[in-house]
Amino acid sequence: MVERLKVFAWCDPEVDHAGHDPRSTYVERFWLPVLGPTCLWLLRNLSAALEVSPGGLDLDIEHTARQIGLGGRRGRHSPFQRSVGRLVTFELARFEAAPTELAVRRFVPPLPRRHLLRLDPATREHHRLWLIGEDHKDPAVTRLRWRARRLALGLVALGDDYATVELELLGWHLHPALASDAATWAWHRSGRKEAEMLRP
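Bear in mind the structure is a predicted one, so any value in this text is a computation, not a measurement.

Draft legend 1. Expanded view of the overall build of the chain. Within the chain, the secondary structure is distributed over 10 helices and four strands. Out of the 200 residues belonging to the chain, those deemed buried represent 44%. Restricting the contact set of the chain to residue pairs at least 6 apart, pairs at least 24 apart contribute 66%.

Here it is, written out as structure tokens:
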């Protein structure tokens, strides 16, 4: 019986650049109804662990299952293993050479159309409005986006984590799409030289 998993980041530059942090408002509003709460909590837990250990980690399955409220039940059909299976099904994780090696996405791609169609009409409309808020063609939106990114970068520099940065920006009445974009951008850029941060 497998008791531990070797977990590491699934490197996918395209998704890592355009995707959403698992703790973001976007993921909570649009991926949650598709994944379910247990699966999303697992993804957030694994993402946070990889943030602390970017080179990968040795995961204690029973301990992690208890951490997210799944109890200590073991086996192939345990709630934990079913949640891992859902992550793999929705291409947010994948098994590598061995069934004890799991690569997990650090950033979640925009919701594919096939999953979007499973949402209720009100949520689909909300998603459409969200995408309008991310329209790069409007100069006013572009200026607002850059201001939001500068604010987010400052918050990251002060030591705030991703979720706190996004919540702060939402508290300043930014559109959720702009807040999510700015927090993700600042998170990616925070490790670069200051000169690289002066242009969008």
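Draft legend 2. Quick peek at the side chain of Arg105. Tracing the chain through its elements places Arg105 in strand S4 (residues 101-105). Polar side-chain contacts of Arg105 include one of 3.0 Å to the side chain of Asp12. Excluding anything up to four places from it in sequence, Arg105 contacts Trp10, Asp12, Val15, Leu43, Glu91 and Leu92.

Draft legend 3. How the structure looks around the packing of aromatic side chains. Enumeration according to the criterion identifies four aromatic pairs in this entry. Between the aromatic rings of Phe30 and Trp130, the centroid separation amounts to 5.6 Å while the plane-to-plane angle is 85°, which identifies the pairing as edge-to-face. Linking Phe30 in helix H2 (residues 25-35) with Trp130 in helix H7 (residues 121-133), this pair joins segments that are 100 residues apart in sequence. Trp130 carries the same exposure label as Phe30, and that label is buried. Aromatic rings pair up to connect Tyr26, Phe30 and Trp130 into one cluster. Note that Arg105 overlies the ring of Trp10, its terminal NZ or CZ placed 3.8 Å from the centroid.

Draft legend 4. Representation of the pairing of strand S1 (residues 4-10) in the model. Across four bridges, the pairing between S1 and strand S2 (residues 57-60) is antiparallel. Each bridged residue has a counterpart across the sheet, and for Val7 the counterpart in S2 is Leu57. In the sheet, S1 pairs with S4 via five bridges, with the strands oriented parallel. Paired with Lys6 across the strands is Glu101, a residue of S4.

Draft legend 5. Spatial organisation of the nonpolar core. In terms of nonpolar packing, the biggest core is built from 34 residues, with Trp31 and Phe80 touching the most fellow members. In contact with Phe80, other than residues within four places in its own chain, are Leu5, Leu42, Leu59, Ile61, Thr64, Ala65 and Leu70. Ala148, Val156, Val165 and Trp187 belong to the second largest nonpolar core, which has 17 residues in total.

Draft legend 6. Just the confidence of the model for the chain, in detail. On average, residues of the chain score 82 in pLDDT, and 87% of them are at 70 or above. Per-element averaging of pLDDT across the chain places helix H8 (residues 139-157) at the bottom with 79 and strand S3 (residues 93-95) at the top with 94. Across residues 192-200, confidence stays below pLDDT 50; counting only partners more than four residues off in sequence or on other chains, it has 15 contacts.

Draft legend 7. Structural detail: helix H5 (residues 79-89). Here H5 has its buried residues at Pro79, Phe80, Ser83, Val84 and Leu87. Considered in projection along H5, the buried side chains sweep an arc of 140° and stay on one side of the axis. Looking at the buried side of H5, the elements it contacts are S1, helix H3 (37-52), S2, helix H4 (61-67), S3 and S4. Positive backbone phi, at 60°, marks Glu91, one or two positions downstream of H5.

The rules behind these values
- Residues numbered from 1 in each chain as written.
- Predicted model: local features only at pLDDT ≥ 70, side-chain atom pairs only at ≥ 80, totals over all residues.
- Heavy atoms only, no water.
- Helix = DSSP H or I, 4+ residues; strand = E, 2+ residues; numbered from the N terminus.
- Buried < 20%, exposed > 50% of the residue type's maximum accessible area, 1.4 Å probe, protein only.
- Contact = heavy atoms within 4.5 Å.
- Polar contact = N/O pair within 3.5 Å; in protein donor to acceptor, adjacent residues only side chain to side chain.
- Phe/Tyr/Trp six-rings, centres within 6.5 Å; stacked < 30°, edge-to-face > 60°.
- Lys NZ or Arg CZ within 6 Å of the ring centre and 35° of its normal.
- Pairing = 2+ DSSP bridges.
- Core = buried A, V, L, I, M, F, W, Y, C linked by side-chain atoms within 4.5 Å.
- pLDDT = per-residue confidence, 0-100.
- Arc of directions from axis to C-beta.

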